[in-house]
Amino acid sequence: MTDRLRGKTILVTGAASGIGATVATAFAAEGAHVAFTDLDLEGARTVAKSAPRPAGQEHTALLLDVTDEGSVSRAFDTLSAAGTPADVVVANAGVQLFGQDAQVADLDLAVFRQTVEVNLVGTFLTLKHAVRSMLTSGGGSIIVTGSPTALNGEGADFTAYSSAKSGGHGLTRAVAAAYADQGIRANTVVPGYTETPLVTTISDDSAARRAIVGRTPLRRAGTPEDVAGIMIYLASDESSYATGAEFRVDGGMTTL
């Protein structure tokens with residue numbers, strides 16, 4: 001355990017598995033008090049219990065449905081009521097509906113709406129209440145998990161996901177511009193193809209996996225650990241001059 005994030009409270013959405021679980025645990029290893037939040041409360045509790053703990057302090061596990069404003073608001077209120085308002089918020093929760101998301105002419109409206117509801121509306125609600133909390137506690141850092149599908153042709157067969165992630169990138173820039181003078185920073189981290197439970201449709205298909213790794217300049221799949229370092233930096237005071245930016249950790253995918 002180090003001291004880079006000691007004294008900070010960090011709320012992470014989608015923290016029961018994948019990138020969310022890994023970065024939340026990495027924050028804990030840097031000395032932060034972490035609120036592991038997820039729709040899967042038992043999963044969040046399991047990850048929280050296994051994470052390193054700052055001296056004398058337990059982490060928090062909270063039920064949080066990013067599509068329900070009341071649920072989002074309660075999570076932030078719980079931290080504030082405990083005297084540990086969120087200094088850093090990672091808006092990471094999301095879905096990718098493989099086998100249902102498609103090119104626009106073939107996409108069902110229900111799939112589009114579900115994807116946007118979780119990935120864009122959920123990010124909006126997370127940022128809305130993060131900002132409200134930070135305005136009363138002196139500012140903070142917001143980190144949004146983005147996607148190459150918001151930046152290049154990777155989204156051709158994922159119309160709903162690409163649309164929602166593009167909206168999230170724009171939302172983050174708007175928040176950064178609106179609240180910079182009030183001590184709130186907002187940045188997007190763009191992982192490339194990262195092997196987590198979210199993408200087993202690709203990782204379990206050898207041909208599909210070879211294709212996506214083959215068009216990644218570093219010629220390997222990403223891991224959640226690859227994302228943790230940049231998120232630690234953005235959560236720390238070392239990044240105090242970074243806002244409104246996109247930090248790409250994608251093996252070079254978006255250079256093509």
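Heads up: the structure comes first, above all this text.
Notes on the structure in this doc start here. Being a predicted model, the structure only gives us computed values, none of them experimental. Position labels on residues start from 1 in each chain and follow its written sequence. In keeping with the predicted nature of the model, local features appear solely for residues at pLDDT of at least 70, side-chain atom pairs appear and are counted solely at 80 or more, and the whole-chain, interface and lining totals rest on all residues. To get the side-chain values, take all heavy atoms of the structure and skip hydrogens and water.

**Looking at helix 8 (residues 224-235)**
Part 1 of the argument: If you check helix 8, its first and last C-alpha atoms are 16 Å apart, about what twelve residues at 1.5 Å a residue would give, namely 16 Å.
Part 2 of the argument: Here the term buried applies to any residue with accessible area under 20% of the maximum for its type, exposed to any over 50%, and partly exposed to those in between, with areas from a 1.4 Å probe on protein chains only. Note on conventions: DSSP H or I runs of at least 4 residues are helices, E runs of at least 2 residues are strands, and numbering of each starts at the N terminus. Here helix 8 has its buried residues at P224, V227, A228, I230, M231, I232, L234 and A235.
Part 3 of the argument: By definition, residues are in contact when any of their heavy atoms lie within 4.5 Å. Contacts made by the buried residues of helix 8 are with strand 1 (9-13), helix 1 (18-29), strand 4 (88-91), strand 5 (140-145), strand 6 (184-191) and strand 7 (246-249). By this rule, a helix spans an expected 1.5 Å times one less than how many residues it contains.

**Section: the nonpolar core**
Part 1 of the argument: Each nonpolar core is a collection of buried residues, namely Ala, Val, Leu, Ile, Met, Phe, Trp, Tyr and Cys, held together in the definition by side-chain atoms within 4.5 Å. If you look at the biggest cluster of nonpolar residues, it comprises 31 residues, and the most contacted ones within it are I10, V12, F27, V34, F36, I143 and M231.
Part 2 of the argument: Put simply, the parts of the chain that give this core at least two residues each are strand 1, helix 1, strand 2 (33-38), helix 2 (41-50), strand 4 and helix 8.
Part 3 of the argument: What M231 contacts, discounting residues up to four positions off in sequence, is V23, F27, V90, I143, T145 and V189.
Part 4 of the argument: In terms of nonpolar packing, the next biggest core, distinct from the first, is built from 25 residues, A35, V66, I142 and V144 among them.

**Topic: the sheet that holds strand 7**
Part 1 of the argument: Strand pairing is assigned whenever DSSP detects at least two bridges linking the two strands. Taken in spatial order, the seven strands of this open sheet run 3-2-1-4-5-6-7, and their pairing is parallel. Looking at which strands have only one partner, the edges of the open sheet turn out to be strand 3 (60-63) and strand 7. With direction set aside, neighbouring strand axes in the sheet form an average angle of 20 degrees.
Part 2 of the argument: When strand 2 meets strand 3, the two strands line up parallel, connected through four bridges. Paired with A35 across the strands is T60, a residue of strand 3.
Part 3 of the argument: Fitted lines through C-alpha atoms give the axes, limited to the stretch in contact for helices. The angle between two N-to-C directions lies from 0 to 180 degrees. Most of the contacts of helix 4 (residues 109-137) go to strand 5, to which it runs at about 175 degrees, and overall it touches strand 1, strand 4, strand 5 and strand 6.

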